[in-house]
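Residue-level listing of the chains:
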Amino acid sequence: KGHAGVRDDFVRWQVLMRAAPPEFKDKIFDFDDMELRFDFVRDALKWAAGGEEARPLESYYEGYNKVPRLRRTLRAIEAFSPAFDAAALDDFLHLSAPPEKPAQEKPALSEVEGPAEAQTQEPDLQPATFDLKPEDLEPADETITTRGLGPKGQQPSREGARFFAGMEFMPIPAGKFIMGSKDDDKFAADDEKPQHTLDLPYDYFMARFPVTNAEYGVYLKAAGGEHPVSDWQKKKDHPVTRVSWQNAQKFIAWLNETQKADLPSGYLYRLPSEAEWEKAARGAYGNLYPWGDDWDPKRCNSSEIKIGGTTPVTQFSPLGDSPYGVADMSGNVWEWTRSLWDKYPYPAEIKAQLKREDENASGARAVRGGSWGNPRNVARCACRGRSNPDDFDFDLGFRVVLSPG
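These notes cover the structure that comes with them. Predicted model, so just to flag it, every value in this text is computed and none were measured.

### Some thoughts on empty space enclosed by the protein
Inference 1: Within this structure, the stated rule accounts for 2 cavities of 30 Å³ or more.
Inference 2: The volume enclosed by the second largest cavity comes to roughly 30 Å³.
Inference 3: Around the second largest cavity, the lining residues are Pro290, Trp291, Arg299, Cys300, Phe316, Gly320, Asp328, Met329 and Ser330.
Inference 4: Counted by class, the lining of the second largest cavity contains 5 nonpolar, 2 polar and 2 charged residues.

What follows is the structure, given as structure tokens:
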């Protein structure tokens, strides 16, 4: 019975490979981790089936909506047998022969019928310019508000979100994800390579939005000091800027001192590490942008839309959100991380990670996400920047993570 299941799975796989567009096949072969590749295929089946389970997966597979044949094929396959696992998939990719067919095996799945689909176009990898004006953009969702360090008891504006210190956080599950850029990415700098799989073996919570002018104002009212943004009262829901790494750390120290009562046991407020930031931004399967692999200038505040400054942190949500529901990870402002800037691959060993994320060490810190003054190549989730800890630029802000201490 087990052998029959594997042989049927092999037929299903061959049917899927015939229906899949080149970019889907390339994605599968690009995975260097068997388990992550298997999860991607299994999630593709959930996406094709639709329903509640498919909603968090849409950004991974949205680009394949232009190939209806792929979705029809996945729906026809519906599920592989219980014998289908990461090792079986690896065998199929390398064309290993399945076991001998036993007697009275169930009929093999036939190829899905349907008209041939139009050839998909290769993505445009050349820098593009867009003559968009602010009024061309979809208005900010007024049902989404930045509550700031406000009263407890408010309802989250995104499913699955939780509130800590009056700020909205999205849960990021433990597990592996793709970090960095492929060698053939024409936009990628050398410091983004090699692309590699990294395992973060703990759950954490990423702030859904960058810290806003209003939230930073609450901190300054308690701790004392002058707000770094002169006209912040007119831009309360914009991300705070002109905050150095040291000042961001002071804000977080204040959070840990005054807002720790409702924290999960063992967790602390921190600046995110580079790894925590990138996983929250692109998900497990290596999206080029938070919303998927296809560039869309209406989903983030980059230089293409020519706003020339910051925008409300909710302006591009939920269209520009990451697979985990985190907003504003591309454009608007660069964001501090707690990680020292260093070459890739990012260390997999915990001791090496702790050294890279040592908050008492000297050296430039990694910044991520790009800003309103940067083009699409900098808005990619894998793009890296660095700044000295005492820098406080007009396009540099931060967000908070809750991770194990």
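There is more to say after this.
### What to know about helix H2 (residues 22-30)
Inference 1: Within H2 the residues assigned to the buried category are Phe24, Lys27 and Ile28. Viewed along the axis of H2, the buried residues span an arc of 95°, placing them on a single side of the element.

### Regarding the side chain of Arg282
Inference 1: Inspection of the secondary structure assignment puts Arg282 in helix H9 (residues 274-282).
Inference 2: Take Arg282: its relative accessible area is 2%, and that puts it in the buried class.
Inference 3: In this structure the side chain of Arg282 is engaged in a polar contact, spanning 3.0 Å, whose partner is the backbone oxygen of Asn287.

### Considering the sheet that holds strand S10 (residues 396-397)
Inference 1: Reading across from one edge, S9-S8-S7-S10 is the order of the 4 strands in this open sheet, with mixed pairing throughout. Of all strands in the sheet, those bounded by a partner on one side alone are strand S9 (384-387) and S10.
Inference 2: Alignment of strand S7 (residues 334-340) against strand S8 (residues 365-368), held across 3 bridges, turns out to be antiparallel. Bridge assignment links Trp336 to a residue of S8, and that residue is Val367.

### Details of the nonpolar core
Inference 1: One finds Trp13, Phe24 and Tyr61 to be the most contacted residues of the largest nonpolar core, which totals 56 residues.
Inference 2: When residues in this core are grouped by element, the largest group, 8 residues, is from helix H3 (residues 34-49).
Inference 3: In this view, Tyr61 contacts Phe40, Asp43, Ala44, Trp47 and Tyr285; residues no more than four positions away in its chain are not counted.
Inference 4: Grouped together as the second largest cluster of nonpolar side chains are 33 residues, Trp232, Val240, Leu263 and Tyr269 included.

### What about the pairing of S8?
Inference 1: What you see with S8 is no split at all: Arg365 and Val367 on one side and Ala366 and Arg368 on the other are buried throughout.
Inference 2: Bridge count for S8 against S9 is 4 bridges, and the pairing is antiparallel. Paired with Arg368 across the bridge in S9 is Arg384.

### Observations concerning the pairing of strand S4 (residues 196-200)
Inference 1: Of the two faces of S4, the one lined by His196, Leu198 and Leu200 is fully buried and the one lined by Thr197 and Asp199 carries no buried residue.
Inference 2: The pairing of strand S3 (residues 175-179) with S4 spans 5 bridges and is antiparallel. Bridge pairing links Lys176 to Asp199 in S4.

### A few points about the pattern of salt bridges
Opposite charge on two side chains permits them to pair, given that their charged atoms come into close proximity.
Inference 1: Using the criterion set out here, one finds 24 salt bridges in the structure.
Inference 2: The partner of Lys46 in a salt bridge is Glu53, and the shortest N-O contact between them spans 3.8 Å.
Inference 3: Look at the salt bridges and you will find they share partners, linking Glu274, Glu278, Arg282, Arg368 and Arg384 into a network.

### Comments concerning the packing of H3 against helix H5 (residues 68-77)
Inference 1: Between H3 and H5, whose axes approach to 8 Å, the crossing angle comes to 100°. One way to sum up the angle between H3 and H5 is to call them roughly perpendicular. Judged by residue contacts, Ala44, Leu45, Trp47, Ala48 and Ala49 of H3 engage Arg71, Leu74, Arg75 and Ile77 from H5.
Inference 2: Partitioning the contact of H3 with H5 into residue classes produces 7 nonpolar, no polar and 2 charged.

### A closer look at the sheet that holds strand S6 (residues 267-270)
Inference 1: The antiparallel open sheet is built from 5 strands, whose spatial order is S1-S2-S5-S11-S6. Both outer strands of the open sheet, strand S1 (162-164) and S6, are each paired with one neighbouring strand and no more. Averaged over all pairs of adjacent strands, the angle between strand axes in this sheet comes to 40°, irrespective of strand direction.
Inference 2: Summarising the sheet, strand S2 (residues 167-172) and strand S5 (residues 204-207) pair through 4 bridges and their orientation is antiparallel. Pairing of Pro171 across the sheet is with Phe205, part of S5.

Cut-offs applied
- Residues numbered from 1 in each chain as written.
- Predicted model: local features only at pLDDT ≥ 70, side-chain atom pairs only at ≥ 80, totals over all residues.
- Heavy atoms only, no water.
- 1 Å grid on protein atoms, 1.4 Å probe; cavity = no way out; pocket = protein on both sides within 12 Å on 5 of 7 lines; lining within 4 Å.
- Points joined across faces, edges and corners; volume = space filled by probe spheres on them.
- Nonpolar A, V, L, I, M, F, W, Y, C, P; charged D, E, K, R; others polar.
- Buried < 20%, exposed > 50% of the residue type's maximum accessible area, 1.4 Å probe, protein only.
- Helix = DSSP H or I, 4+ residues; strand = E, 2+ residues; numbered from the N terminus.
- Arc of directions from axis to C-beta.
- Polar contact = N/O pair within 3.5 Å; in protein donor to acceptor, adjacent residues only side chain to side chain.
- Pairing = 2+ DSSP bridges.
- Core = buried A, V, L, I, M, F, W, Y, C linked by side-chain atoms within 4.5 Å.
- Contact = heavy atoms within 4.5 Å.
- Salt bridge = Lys/Arg side-chain N within 4 Å of Asp/Glu carboxyl O.
- Axes fitted to C-alpha atoms, helices over the stretch in contact; angles between N-to-C directions.
- Parallel < 35°, antiparallel > 145°, perpendicular 65-115°, else oblique.

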